Amino acid sequence: MAKMKTQIRLSGSGGQGLILGGILLAEAAILDGKKVLQSQSYGPESRGGSSRADVIISDEIIYFPRAVNLDILLCLTQEAADKFIGNLKPTGIFIYDSSQISINPIEGKAIGIPFTELAIKKFKTAIVTNIILLAFTCKITNVISLNALKKALKKRIKPKYVELNLKAVRLAVRLAEKYLSEGSPQARE
Amino acid sequence: MAKMKTQIRLSGSGGQGLILGGILLAEAAILDGKKVLQSQSYGPESRGGSSRADVIISDEIIYFPRAVNLDILLCLTQEAADKFIGNLKPTGIFIYDSSQISINPIEGKAIGIPFTELAIKKFKTAIVTNIILLAFTCKITNVISLNALKKALKKRIKPKYVELNLKAVRLAVRLAEKYLSEGSPQARE
Amino acid sequence: MKKNSQGKIIKESDSLEIVKVKESKVDDAGDYQESPIYIYYEWCKKCGICVAFCPTGTLASREDGAPYVKYPEKCIHCERCDMLCPDYAITGAAPGERRTNVKK
Amino acid sequence: MKKNSQGKIIKESDSLEIVKVKESKVDDAGDYQESPIYIYYEWCKKCGICVAFCPTGTLASREDGAPYVKYPEKCIHCERCDMLCPDYAITGAAPGERRTNVKK
Amino acid sequence: MKNIPQKVIHQYLRHRKKFPHVWCPGCGNGIILGDLLRAIYNLGIEKDSIAMVSGIGCSSRMPVYVDFNTLHTTHGRAIAFATGIKLSKPEMNVIVITGDGDAAAIGGNHLIHAARRNIDLTIIIINNNIYGMTGGQCSPTTPLGRYASTAPYGSLEPNFDLCELARSAGASFVARTTAYHTTEAREIFEKAILKKGCSIVDVISQCPISYGKLNNFGSAVEMLKWQRDNTIPVEAASKLPPEKIKGKIIRGIIYDTDKPEFTEEYDKLITHLTGELSISKNKSVNKKVTGKAN
Amino acid sequence: MKNIPQKVIHQYLRHRKKFPHVWCPGCGNGIILGDLLRAIYNLGIEKDSIAMVSGIGCSSRMPVYVDFNTLHTTHGRAIAFATGIKLSKPEMNVIVITGDGDAAAIGGNHLIHAARRNIDLTIIIINNNIYGMTGGQCSPTTPLGRYASTAPYGSLEPNFDLCELARSAGASFVARTTAYHTTEAREIFEKAILKKGCSIVDVISQCPISYGKLNNFGSAVEMLKWQRDNTIPVEAASKLPPEKIKGKIIRGIIYDTDKPEFTEEYDKLITHLTGELSISKNKSVNKKVTGKAN
Amino acid sequence: MSKNRGTKPKPVLMQGNAAVAFGALDAGMRFFGGYPITPSTEIAEILSAELPKYGGKFIQMEDELASMACILGASIAGMKSMTATSGPGFSLMQENLGYGMIAEIPCVVVNVQRGGPSTGLPTSPSQGDIMQARWGTHGDHPVIALYPDSVLECYELTIRAFNLAEKYRTPVILLMDEVLAHMRESVILPPKEKLKILNRIKPNVPPEWYKHYKNEPKYISPLASFGEGYRFHITGLAHDENGFPTQVPQEVEAMMDRLLKKITDNLDDIIQIEAFEMDDAEIAIFAAGVVARSAKEAIIKAREKGIKVGLIRPLTIWPFPDLDVEMMLENTKAVIVAEMNQGQLINEIKRVTKYGHHSKFIKLQKYSGLIITPDEILNKIAEVK
Amino acid sequence: MSKNRGTKPKPVLMQGNAAVAFGALDAGMRFFGGYPITPSTEIAEILSAELPKYGGKFIQMEDELASMACILGASIAGMKSMTATSGPGFSLMQENLGYGMIAEIPCVVVNVQRGGPSTGLPTSPSQGDIMQARWGTHGDHPVIALYPDSVLECYELTIRAFNLAEKYRTPVILLMDEVLAHMRESVILPPKEKLKILNRIKPNVPPEWYKHYKNEPKYISPLASFGEGYRFHITGLAHDENGFPTQVPQEVEAMMDRLLKKITDNLDDIIQIEAFEMDDAEIAIFAAGVVARSAKEAIIKAREKGIKVGLIRPLTIWPFPDLDVEMMLENTKAVIVAEMNQGQLINEIKRVTKYGHHSKFIKLQKYSGLIITPDEILNKIAEVK
Ligand SMILES: Cc1ncc(C[n+]2csc(CCOP(=O)(O)OP(=O)(O)O)c2C)c(N)n1
Ligand SMILES: Cc1ncc(C[n+]2csc(CCOP(=O)(O)OP(=O)(O)O)c2C)c(N)n1
Ligand code: SF4
Ligand code: SF4
Ligand code: SF4
Ligand code: SF4
Ligand code: SF4
Ligand code: SF4
Ligand SMILES: [Mg+2]
Ligand SMILES: [Mg+2]
């Protein structure tokens, strides 16, 4: 019986904290007792322009280190969405920032939330966008536990920022709960 | 029928013009219509201390490039004599500077002539010792023709020195003729 | 959703000898006769240098960090913005001057 | 004729802390008491430097280029010969001085 | 089209290459390239007579964008490649674009030897005090105490004064300018190109992404202001009391002299030996054409 | 034995190595080694605290003869090897022996970087203006117009002033002496070794076999006389009118300053981070012991 | 990563380059000299921060020539030392790497491979330097090179590299794939007290008796450090057992033989090779590093379909596991050599399977900057049938 | 040697290194950049005197890194260019040699081999750099390397090296033995008008249409020189057919394939191999350079005794003459691989004789600084019986 194996990509542009997001996700997965492999884009691609972090989470040993058939694709920019949407499995989930991205209909599940806008509105900074995105994803997909995410956060993030980030998590959880009960307006737009 | 092949070594110390001697011998051999191969010592051995030039003269193509079984060994210093005498064929000829070298009896033919002394006495300079040695050897062994040697000399040596060198050749020829008729006192000493 | 191929498409310009001001998506820059400052937003990387060093305050920053011409009348055509822009995305030659940026 | 092996045999000295003047083949240098200049001919390469720079003309060249002490009485023990000899083959400490060549 | 301004530099950019260029927002490389192109324009040098040679680094990516004979070589070796070009075709204007790491770390030896030979190269060192390309490691011009990804406690190594080094090695033209001082830079580049001999220009530049971030410069703008406020022209410096100069970096033409140039000397040797001109001299490309081209 | 003079340098020579050494008659290498050994004797430095590191060349053959920790490396890289030793064992006296080709041609980059770092190495460049070992090719210090086997028409390339280069690169002690000036050389070596920082000594030497022959110096003696007659102490030079100095080479201590030394600064960092001394400091070998040893 | 990890092994997330850095520190490495180059730079960056905390030394040299030189100097001074680089830098290190080999100086050289030749593809994976690791420097020389395939193995093989370097008195190369260097994986590091750390043997004879290039014991002489009273000579010239230059043919030959034999006589100790599902394999895949991971995934899938396929993976890539591979291939009908280059390992496989080996050689070579996928391997497996 | 030799060929005495220098001049080489090193230095020395007489340029660079770089620069500027070095210098040239390969810049690199590794035996012969010539630089790359065995062949193969370099737009290596470099032989040089000299193809299209890395014709694009109006870009990064950097896998692959195929598709043109007394040979000797001369002498002696032995000698050592060797060995019962190293060619022989080849492999390896003698070969021949 093939056990659970999830391939996740966080994408957007440099400076949005996506690599950190990937690492947090991976560390949280470890806390959940999973095997995990995290990789990212290097080279010109990673400077200035777009940024990408992949995480593979599995119950079993992970051999092939590339995420090619994404179960979950997270996007914060249009460029990233255009570039990576093709890598999403037909059954995959696409979670994107609806304040930045306009999409055509896709086969699978697409959830648009104005993450950046919300972050700026609630926290006066876009800096926690990645955390909101991440926590939202956890809640929606259950790929890792929220508890593990919080623990990972506390470990990786400078003490003075922990509180802010935990608030972002709480916001995300409420968002997700709302989405789960109501559906978001952008979904399947 | 194996044709003629002669291995000759000129040896002594740096500055005695032995490399030039080897080259002259080789060029002369070419003028005589022979195949020829000339090599010399490199490395620390060739600086300051001892010096050596080998010439292989043959009617046929020369493959192996080292002179290992010498037909003719020419020595101007004791060090060279001690070092190389072992490489002389039992049937080989050993021609040495009796003003510099004292030898024990050897099996083969040994001819001692005080080349350096003679050069200084006759020409007030040791510089032509190599030419006297060479011309003497030609006359004694017939390994190359004296004519060829003279031609080679004229080609390689600066015009202003040619006359001096030709005189040295003449001296050597007289020496050799004398030796051939009388034998030298040092031979088989 | 249309799936794009990887990497951007290289924009081929027919002639780059002429700055393509008309192609810019700028809404602030008017026609050449009226405003001498052209901003080519496709190349602009929003570094803020032109705005910071414009000696007359002609330029200001949009919310996204790109410049726009706030007070066209203030421009003295010093071309400081032009020379300092790392991306060749702005030019402010004086009216009538065709050549930006060298006048020895 | 005895055939030598290739290459020279390395001379092993028991202690090199003491200059082996007695081993030199010199016939010109006398005993230490009489002449302070020692020449170690086995190391001398006949460059002529010591002779050329001896300020007093104590030294002279043999026919083969090696130095010999021609006027031992002229020596002022300046050790110039010693310090300039590239081969550590000569020394001229003053009588009674055991150490050649540093006296600051 | 008549009234539409024509940006001088556009005629030198390669239209096949994709713009915007690879450099990060606010990076000094683009500014300095602009200055250089304007200098070339002002001198009226034919594009085809220019060989632009670079090593490896962000700055060394410059040649790919410009419509000259361009050669992007290996890390640190641009000057050596350029030496081969120049000696083979003395009539070409050979411009070397290099970074502080490329020129002064791995390529330091070629720098001082080009200076010593006084070979007619125009060497432009884009000095951002850091290895930009590889993400912010310290370079031989990272100032003492400054941070870099391989100097997490502040650099323990003093930096080179590249102008001093160039002069003492034998360059005949040595200057320093900054990304901020665009007109000065252009003028210096013009003189450097015109110079018959080895010219070395140290251009202080900003890398907001690596150096700026690690050393708490807020932005490229801050870094340009720093360049403005912490440098002082050599003429002014000579008139100021030492305490006013302390801590400031001297800009301008530091050293300028005339001495025999290597490729010319070599051609003289050929003429001497053959009575002919160098085979490479019979080419139509002209060296140092002045008068404006378009 | 009492009355038999004891040559100071003998206690430093390796009795297992064959003497006479490999150098040609009249070569400066032997003279300079003598000066260096006397300097070491005078300073009373323990043999075991000395690491002598060289590159490749006639001069670089020096270490094999002396009873220190000796390392004969690759061409041009001695300083880089030495940097590893010094940084690992700051308490050792690391002396680099190198030639003009070794230090300034292939090894030029390491030379200027050691100077920049101001790492406590004593670098002695035996400058015979030629590649002796390979038989007389021109070097970066072959003067313009002089002959070499690869400069058959006279060198077209100007030479480095190694002292200028060393100073501008950042060395804290820079001096020049000659094979002829044995006492001066010894004193300079003493100071160079004592200096906490990068010291570079340019020692003009003679290669009668290659340089001498090609440039019509009659003999080693002539070359030593040339050194005597064409150099002038820095103190004297400062008092003479320019026309008297023209064409002369300046000798003596050219530059001497005190500034932070690299390995010391690094050890401070370690102390700062760990509160402990560098692991390598707990060794018994002492640095810079003064007082005579025997 | 803190200096002291607890004794209870817990999984942590770690990057391949970090695993090398911390592996080296745990192996006792206290000197790093290097020059930045993608994709190896993180090793230097981490060590620039960590080494001084351990009392060790980090230096960024002016280039790779100097980097290689300074770590040899450091090793002679008694430090376990290392450098890390990538293709272009590795090329520049070759001359001094050869010096390390002839002078028998322990040290570790990490080459995180990227696309070549020349500047090539600085951020893409490649296995193009395998042959260079063997033959890059001039002259005959022995080589030990290790090749990890996971972050954990980066840690383990780094330690092993130091152990082999110290034991056999020679530079040891760690060849890595870019993918591995940059990816993060959950790893459980072994507790420090379980680590087996080897140190060079020091002489226990008086200096007068010490010969640092003696064939004893077993071709490897003890190695004193500079400043410990032994005052010996080291040279890159051919040398005798005292380290002094020689041109005597017998002495030269003895030296060359020692260099070779200290490796070839210890193959059992040096060579590590993994056989994955090889017991009953009819098809063998030969692959190293990250390609082996793709192979494993492919094998699992193929086995699900009943295809008897296995993997041979060299952890020690040099000396090449000649005998092991030959034996393992004895009963296979085909061997797929999968590598991210234009064909380097395949030549070795052909060489070692010389005598009447009739299995099919199938090449899978990719050099576009992308890694070989399990599907590509599955396709090749399908070709055999 | 005078600039103009008469048309009537006469034997002259010439040193191997001189033959290289004059061969290069006759091939049209007009730029030499180098750094002295025994045993190659005479090439530089002769050219420093000769080149300016021909209007060409000689420069002694600061090191071998720069030497390799400057000859590539010179070639791009339109000169046929060359450098000459030996082991340590050859190691230093590797990075830029790889640049020449990826950038496809013609030039010739002479490596007069000496004893290695490292400084080794500077004045002794060795064949220790054969594998390095193939694999010395990082990343996959094609290599052409020639190996003369006489002074005349030094001259001829130097010219051929330039011809191949120009034709295939690639650096070509001339591997030489120290013995050959330093010895003088009587040679009859071919009259100049009989020499076949190839020059690179220049573009005949307008600059706008010029793609300098196109696969046409036959994988080799014409090459304009700098300053001829084409204004193109050259980089050591993976590039597209316009020479601009690319990371697009298909473009990278196309580039890599071109590099490989321009060599592998032209093996018949590139490979030269000598078969000496091989027609009826039961025993084959495989040897290159000076060892082949010893082998010939041994063969003549052995044949006198009725032993059927012959020699296979590669004049082109890289690409290795796989097929030719395999075919020539088909009917032999033993092959003696004689080389002055610890075993480099033997591996190639094993590799190419893979399928059911049952002849005996006999090694004759010597690495003491002395050359292999005819007697030593005769002894090995005797072993077969
Ligand atoms: C031989 C070699 N070593 C290292 C590198 C990696 N590398 C690429 S660029 C660079 C430094 C660039 O710094 P600099 O020259 O200052 O240029 P910048 O990016 O700052 O403009 C390094 C170390 C390389 N490409 N080749
Ligand atoms: C990489 C390398 N290139 C070239 C050489 C050859 N080589 C040996 S010594 C030397 C020059 C030595 O000149 P210098 O340093 O001045 O020493 P000298 O012999 O004059 O004392 C050269 C070029 C080498 N050994 N290694
Ligand atoms: S030209 Fe001068 S005044 Fe006008 S916008 Fe630009 S910087 Fe401002
Ligand atoms: S300087 Fe140029 S790139 Fe920067 S904000 Fe202004 S227009 Fe945009
Ligand atoms: S010590 Fe002085 S005076 Fe005496 S011999 Fe020597 S140089 Fe002459
Ligand atoms: S200086 Fe020394 S080597 Fe020279 S002649 Fe005098 S004693 Fe002999
Ligand atoms: S990393 Fe720095 S130097 Fe490189 S492009 Fe970005 S800002 Fe410029
Ligand atoms: S060649 Fe010159 S430098 Fe070398 S030992 Fe002889 S004289 Fe001295
Ligand atoms: Mg930089
Ligand atoms: Mg020298």
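These numbers come from a predicted model, not from an experiment. Counting from 1, residues in each chain are numbered in the order their sequence is written. To label them, take the chains in the order written and letter them from A, then take the ligands in the order written and number them from 1. Note on the predicted model: pLDDT of at least 70 is required for a residue's local features to be given, and 80 or more for side-chain atom pairs to be given and counted; whole-chain, interface and lining totals, by contrast, use all residues. To obtain the side-chain values, all non-hydrogen atoms of the structure were used and water was disregarded.

Caption draft 1: Examining the site of ligand 2 more closely. Here a residue counts as near a molecule or strand whenever at least one of its heavy atoms sits within 4 Å of it. Surrounding ligand 2, one finds 24 residues, the nearest of these being Cys58, Ser59, Asp100 and Asp102 of chain F together with Glu64 of chain H. More than one chain reaches ligand 2: its neighbouring residues belong to chains F, G and H. Counted as a polar contact is a pair of N or O atoms within 3.5 Å, where, for protein atoms, one must be capable of donating a hydrogen and the other of accepting one, and residues adjacent in sequence contribute only when both atoms are in side chains. At 2.5 Å from an oxygen atom of ligand 2 is found a side-chain nitrogen or oxygen belonging to Asp100 of chain F. In the environment of ligand 2, an oxygen atom lies 2.8 Å from a nitrogen or oxygen atom belonging to the backbone of Met133 of chain F. To be clear on the numbers: accessible area is Shrake-Rupley with a 1.4 Å probe, and residue cover counts the displayed protein chains and nothing else. Alone, ligand 2 offers 580 Å² of accessible surface; in the complex the protein occludes 99% of this.

Caption draft 2: Here's a closer look at the site of ligand 1. Looking at ligand 1, there are 23 residues lining it, with Cys58, Ser59, Asp100 and Asp102 of chain E together with Glu64 of chain G nearest. This site is not confined to one chain, since residues near ligand 1 come from chains E, G and H. A distance of 2.6 Å separates an oxygen atom of ligand 1 from a polar side-chain atom of Ser59 of chain E. Within the backbone of Gly101 of chain E, an N or O atom sits 2.8 Å from an oxygen atom of ligand 1. A total of 590 Å² of accessible area belongs to ligand 1 in isolation, and the protein chains cover 98% of it. Elements represented by at least two residues in the shell around ligand 1 include exactly helix H3 (100-106) of chain E together with helix H4 (87-103) of chain G. Looking at which element gives the most residues to the shell around ligand 1, the answer is H3 of chain E, with four residues. Gly counts as polar in this scheme, as do all residues outside two lists: the nonpolar Ala, Val, Leu, Ile, Met, Phe, Trp, Tyr, Cys and Pro, and the charged Asp, Glu, Lys and Arg. For the shell around ligand 1, the per-class residue count stands at 11 nonpolar, eight polar and four charged. Strands are runs of DSSP state E lasting at least 2 residues, helices are runs of H or I lasting at least 4, and numbering of each runs from the N terminus.

Caption draft 3: Representation of the coordination of the magnesium ion (ligand 10) in the model. Residue and element names in this part refer to chain F. Ligating atoms shown are N, O and S within 2.8 Å of the metal, or 3.2 Å for Na, K and Ca, and water is not included, meaning a site may look less than complete. Within the protein, the atoms that donate to the magnesium ion (ligand 10) are Asp100 (OD), Asn128 (OD1) and Ile130 (O), at distances of 2.0 to 2.1 Å. Between the donor residues of the magnesium ion (ligand 10), the gaps in sequence give the motif D-x27-N-x1-I. Taken together, the residues Asp100 in helix H3 (residues 100-106) and Ile130 in the loop between strand E5 (121-127) and helix H5 (162-169) connect sequence positions 30 residues apart. Comparing Asp100 with Ile130 shows no difference in burial state: the two are buried. For each residue, the accessible area found with a 1.4 Å probe, counting protein chains only, is set against the maximum for its type, and the residue is called buried under 20%, exposed over 50%, and partly exposed in between.

Caption draft 4: Fine view of the confidence of the model for chain A. Within a predicted model, pLDDT stands for the predictor's per-residue confidence, ranging from 0 to 100. Within chain A, residue pLDDT values average 89, and 89% of them lie at 70 or more. With pLDDT under 50 throughout, residues 185-189 of chain A is counted as low confidence; its partners more than four residues away or in other chains account for 14 contacts. We call two residues in contact when some of their heavy atoms are within 4.5 Å.

Caption draft 5: Inspection of helix H12 (residues 345-352) of chain G at higher detail. Among the eight residues that make up H12 of chain G, eight are buried, leaving the element largely enclosed by the rest of the structure. Every buried residue of H12 of chain G is accounted for by Leu345, Ile346, Asn347, Glu348, Ile349, Lys350, Arg351 and Val352 of chain G.

Caption draft 6: Broad picture of the pattern of salt bridges. We define a salt bridge as a contact between a side-chain nitrogen of Lys or Arg and a carboxyl oxygen of Asp or Glu at a distance within 4 Å. In the structure shown here, the tally under the stated rule is 108 salt bridges over all chains. Put simply, Asp54 of chain B and Arg52 of chain B hold a salt bridge, and the shortest N to O gap is 2.8 Å. Across the pair, Arg52 of chain B and Asp54 of chain B agree in class, each one buried. Among the ionic pairs, Glu348 of chain H bridges to Arg351 of chain H, the shortest N-O distance being 2.5 Å. Separated by three residues within a single helix, Glu348 of chain H and Arg351 of chain H lie in helix H12 (residues 345-352), roughly one turn from each other. A residue is classified by how much of its surface remains accessible, and Glu348 of chain H, at 7% relative accessible area, is buried.

Caption draft 7: Structural context of the coordination of the magnesium ion (ligand 9). Residue and element names in this part refer to chain E. Protein-derived coordination of the magnesium ion (ligand 9) comes from Asp100 (OD), Asn128 (OD1) and Ile130 (O), at a distance range of 2.0 to 2.1 Å. Every donor residue of the magnesium ion (ligand 9) comes from the same chain, spaced as D-x27-N-x1-I. Taken together, the residues span a long stretch of sequence, with Asp100 in helix H3 and Asn128 in the loop between strand E5 (121-127) and helix H5 (162-169) at a distance of 28 residues. Taking the relative accessible area as the measure of exposure, Asp100 reaches 1% and is therefore buried. A residue is classified by how much of its surface remains accessible, and Asn128, at 9% relative accessible area, is buried.

Caption draft 8: Broad picture of the interface of chain H and chain G. At the interface, 58 residues of chain H touch 58 residues of chain G. Buried area: the accessible area, evaluated with a 1.4 Å probe, that two parts lose upon being put together, summed over both parts. Regarding the contact of chain H and chain G, the summed buried area is about 5,300 Å², with carbon and sulfur atoms giving 61% of it. Ranking the residues of chain H by area buried against chain G places Pro117, Trp135 and His138 of chain H at the top, with a combined share of 14%. Here chain H is connected to chain G by 26 residue pairs in polar contact (both at pLDDT 80 or more). Going through the elements one at a time, helix H4 (87-103), helix H5 (130-135), helix H8 (249-264) and H12 of chain H are the ones with two or more residues in the side of chain H that touches chain G. Here the element with the most residues in the side of chain H that touches chain G is H4 of chain H; it accounts for nine residues. A breakdown of the residues in the side of chain H that touches chain G according to their chemical character gives 20 nonpolar, 30 polar and eight charged.

Caption draft 9: Structural view of the packing of aromatic side chains. Within 6.5 Å between ring centres, the rings of Phe, Tyr and Trp (the latter by its six-membered ring) count as paired, and their orientation is classed by plane angle as stacked under 30 degrees, edge-to-face over 60, tilted in between. Counted by the stated rule, this structure contains 42 aromatic pairs over all chains. Judged by centre distance (4.8 Å) and plane angle (25°), the rings of Trp43 of chain D and Phe19 of chain F are stacked. Of this pair, Trp43 of chain D sits in the loop between strand E1 (38-39) and helix H1 (49-53) while Phe19 of chain F sits in the loop between strand E1 (6-7) and helix H1 (28-43), which puts the two residues in different chains. On the accessibility criterion, Phe19 of chain F (11% relative accessible area) is buried. Measuring from centroid to centroid gives 6.3 Å for Phe262 of chain E and Tyr266 of chain E, while their planes differ by 70°, and the two rings are edge-to-face. Placement of both Phe262 of chain E and Tyr266 of chain E in helix H11 (residues 262-274) is noted, with a separation of four residues, approximately one turn of the helix. Exposure class is identical for Phe262 of chain E and Tyr266 of chain E. Each is buried. Among the aromatic residues, those joined into a cluster by ring pairs are Tyr40 and Trp43 of chain C together with Phe19, Trp23 and Tyr65 of chain E. Criterion for a charge above a ring: Arg CZ or Lys NZ at most 6 Å from the ring centre, at most 35 degrees from the ring normal. One residue, Arg80 of chain C, lies across the ring of Tyr180 of chain E, its end atom 4.7 Å from the ring centre. We note Arg167 of chain F situated over the ring of Tyr255 of chain F; from NZ or CZ to the ring centre the distance is 5.9 Å.

Caption draft 10: Geometry of the relation of the copies chain H and chain G. Fitting of the copies onto one another was done by least squares over C-alpha atoms, counting residues only where both copies have pLDDT of at least 70. Its rotation angle being 180°, the transformation that places chain H on chain G also includes 0.0 Å of axial translation and leaves an RMSD of 0.0 Å. On this basis, the relationship between the two copies can be described by a two-fold rotation axis.

Caption draft 11: Structural detail: the pairing of strand E4 (residues 70-75) of chain B. Residues and elements named next belong to chain B. Buried residues dominate E4, accounting for six of its six residues. The pairing of strand E1 (residues 5-13) with E4 spans four bridges and is classified as parallel. Across the sheet, the residue bridging to Ile8 is Ile72, located in E4. Note: two strands are recorded as paired if DSSP finds a minimum of 2 bridges between them. When E4 meets strand E5 (residues 88-97), the two strands line up parallel, connected through five bridges. The residue of E5 that forms the bridge with Leu73 is Phe94. Consider the strands pointing away from the viewer: the crossover is right-handed when the path from the first strand over the helix to the second runs clockwise. Of the crossover connections in this fold, the one passing from E4 over helix H2 (residues 78-84) to the parallel E5 is right-handed.

Caption draft 12: The sheet that holds strand E15 (residues 360-365) of chain H, seen in detail. Residues and elements named next belong to chain H. Sheet architecture is open: five strands sit in the order E10-E12-E11-E14-E15, paired in mixed fashion. Whereas interior strands pair on both sides, the edge strands pair on one side only; in this sheet they are strand E10 (273-276) and E15. Here the average twist between neighbouring strands, direction ignored, is 20°. Bridging between E10 and strand E12 (residues 309-314) involves four bridges; their strand directions are antiparallel. Each bridged residue has a counterpart across the sheet, and for Glu274 the counterpart in E12 is Arg313. Angles shown run from 0 to 180 degrees and are taken between the N-to-C directions of axes, each axis being a line fitted to C-alpha atoms and, for helices, limited to the stretch in contact. Lying over the sheet, helix H10 (residues 289-304) contacts E10, strand E11 (283-286), E12 and strand E14 (334-339), oriented at roughly 165° with respect to E12. Against the sheet, helix H13 (residues 374-384) contacts E11, E12, E14 and E15, and its axis sits at roughly 160° relative to E15.

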